[in-house]
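One-letter residues, chain by chain:
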Amino acid sequence: MTKHEQILQHIRSLDVGNKISVRQIAKALNVSEGTAYRAIKDAENQGIVSTIERVGTIRIEKKQKDNIERLTYAEIVNIVDGQVLGGRNGLYKTLTKFVIGAMKAEAMMRYVEAGNLLIVGNREQVHKLALEEGSAVLITGGFDTSEDVKQLADSLELPIISTTYDTFTVAAMINRAIYDQLIKKEIVLVEDILISLEDTSYLTTSHTVEKWHELNNKTGHSRYPIVDDDLKIQGIVTAKDVMGVSPFVEVEKVMTKHPITVTPQTSVASAAHMMVWEGIELLPVIGSNKKLVGIISRQDVLKALQMLQRQPHVGETIEDLVTRHFEDVSTSQDYCFELEVNPQMTNHLGTISYGVITTIVTEAGSRVLRKYKKGDLVVENITLFFIKPVQIESKIRILPKVLEVGRKFGKVDVEIFHEGQIVGKAMLMAQLIDR
């Protein structure tokens, strides 16, 4: 086991809520501070530790995807640039809801329960009552609280946090964070669809081509990752590599070295793009230590993408915002779409943003290409010409025209009009993927 893995194992063994430091890890495991730092950063990426300004790094419970709309108190501190006044040992806990305290204490306490976060101003009596009910407290306006309340927070392990923002701003910031996480929740990662190592057929560098034939007869597959004795990825072998080769030759001599790999945190969309671009049917999935953790096949990736397209969206991205307002007004002769430019689609000058125009062109081009050929597509190239600015609340017409559709590629010319005048023009080229 490498030092990096030993540190990660040590971090996982710590109780949730434990404070972690580079120096402490380096001393405990007799490793350099650089090695300890890299491992702590990796643990942060894996979601098992969280670093909070002015507090430090603490061990947290890894959040499940289905619970992503819940935040920990540690995350709240980061969101509101807060200062922890007491109850640091409870930062890892998850809050169930937040309550805004803008009423009399008795009325407020009817809504405050264990696991809540009460957002309130400079009201020490309310801070105390909330903690006694099992709720953490976020004090707005940059106020402090009494030493008694801080000691109570420490003894109950419930954070009491202070922020300079006002109550309205804090509520908006927390809502935004939850909304962003709901969007992330919909992003399917490789770890969600990979075939785990236990179910993966693979070869080692010491195996011969004969072993490839054995696996091929047993599984019906023709592509296998190749690992060394430590399970680190060394290459990949396919039917093409072993064709006409003696069964006694080691696979190491015929394999493709330095194969393209992905990690469990790679998005399925990126993996699909890679597989289509490189013409790959199988990708090894490796951990941070370059060890094989599983594989994904092109078929699984495309299936996941198709399933994702049928899922209802919870959080709305800019792309959702644009496509939701797309109105199909096509005739039997021409394809045509209409869209009203709303405030969220504009830049600081109040004219339609370049990013939104790119999304409009991509959406219009994709829609017409799908009428010619079923399946998914990857946009390869867009050439855009901005002729005139389009201001807020303007209604634009988008006229896409298919120039060419082949087996693998499609080309579309897109023109954008406002009040009969051309305001933008684009040429889109996409690679088509058969389902």
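Preceding this paragraph is the structure being described.
It should be emphasised that the depicted structure is a prediction, and the values quoted were computed from it without experimental measurement.

A. Representation of helix H7 (residues 147-156). Along H7, the residues classified as buried are Val149, Lys150 and Ala153. Angularly, the buried residues of H7 cover 100° about the axis, an arc narrow enough to put them on a single face. Opposite its buried face, H7 presents the exposed residues Glu147, Asp148, Gln151 and Ser155, each directed more than 90 degrees away. In this structure, the buried side of H7 is in contact with strand E5 (83-86), helix H6 (124-132) and strand E10 (160-162). After H7 finishes, the residue Glu157 shows a positive phi value of roughly 55°.

B. Molecular detail of the sheet that holds strand E20 (residues 376-386). Here we have six strands laid out as an open sheet, ordered E18-E19-E21-E22-E23-E20, and antiparallel in their pairing. Every other strand in the sheet has two partners, leaving strand E18 (327-328) and E20 as the edge strands with one partner each. Pairing of E18 with strand E19 (residues 337-340) involves two bridges; the strand directions are antiparallel. Residue pairing for E19: Glu327 is matched across the bridge by Glu338.

C. Looking closely at the pattern of salt bridges. Evaluated as defined, the whole model comprises 14 salt bridges. When the shortest N-O distance is used, the salt bridge between Arg23 and Glu33 registers 3.8 Å. Note that Arg23 is positioned in helix H2 (residues 22-29) and Glu33 in helix H3 (residues 33-45), a separation of 10 residues in sequence. Among the residues examined, Arg23 registers a relative accessible area of 63% and is labelled exposed. Note on Glu33: relative accessible area 44%, which makes it partly exposed. With its nearest N and O atoms 3.8 Å apart, the salt bridge here joins Lys211 to Glu214. Pair noted here: Lys211 and Glu214 are both in helix H10 (residues 209-219), with a separation of three residues, about one helical turn. Residue class for Lys211 comes out partly exposed when judged on its relative accessible area of 27%.

D. Summary view of the packing of H2 against H3. Where H2 contacts H3, the axes come no closer than 8 Å and their chain directions differ by 115°. Viewed along their axes, H2 and H3 form a crossing whose handedness is right-handed. Listed contacts from H3 to Val22, Arg23, Ile25 and Ala26 of H2 are Glu33, Ala36, Tyr37 and Ile40. In terms of residue class, the contact of H2 with H3 is made up of six nonpolar, no polar and two charged.

E. A look at helix H1 (residues 3-13). Among the residues making up H1, those that are buried are His4, Glu5, Ile7, Leu8 and Ile11. Viewed along the axis of H1, the buried residues span an arc of 160°, placing them on a single side of the element.

Conventions and cut-offs
- Residues numbered from 1 in each chain as written.
- Predicted model: local features only at pLDDT ≥ 70, side-chain atom pairs only at ≥ 80, totals over all residues.
- Heavy atoms only, no water.
- Buried < 20%, exposed > 50% of the residue type's maximum accessible area, 1.4 Å probe, protein only.
- Helix = DSSP H or I, 4+ residues; strand = E, 2+ residues; numbered from the N terminus.
- Arc of directions from axis to C-beta.
- Contact = heavy atoms within 4.5 Å.
- Pairing = 2+ DSSP bridges.
- Salt bridge = Lys/Arg side-chain N within 4 Å of Asp/Glu carboxyl O.
- Axes fitted to C-alpha atoms, helices over the stretch in contact; angles between N-to-C directions.
- Left-handed = near helix turned anticlockwise from the far one by under 90°.
- Nonpolar A, V, L, I, M, F, W, Y, C, P; charged D, E, K, R; others polar.

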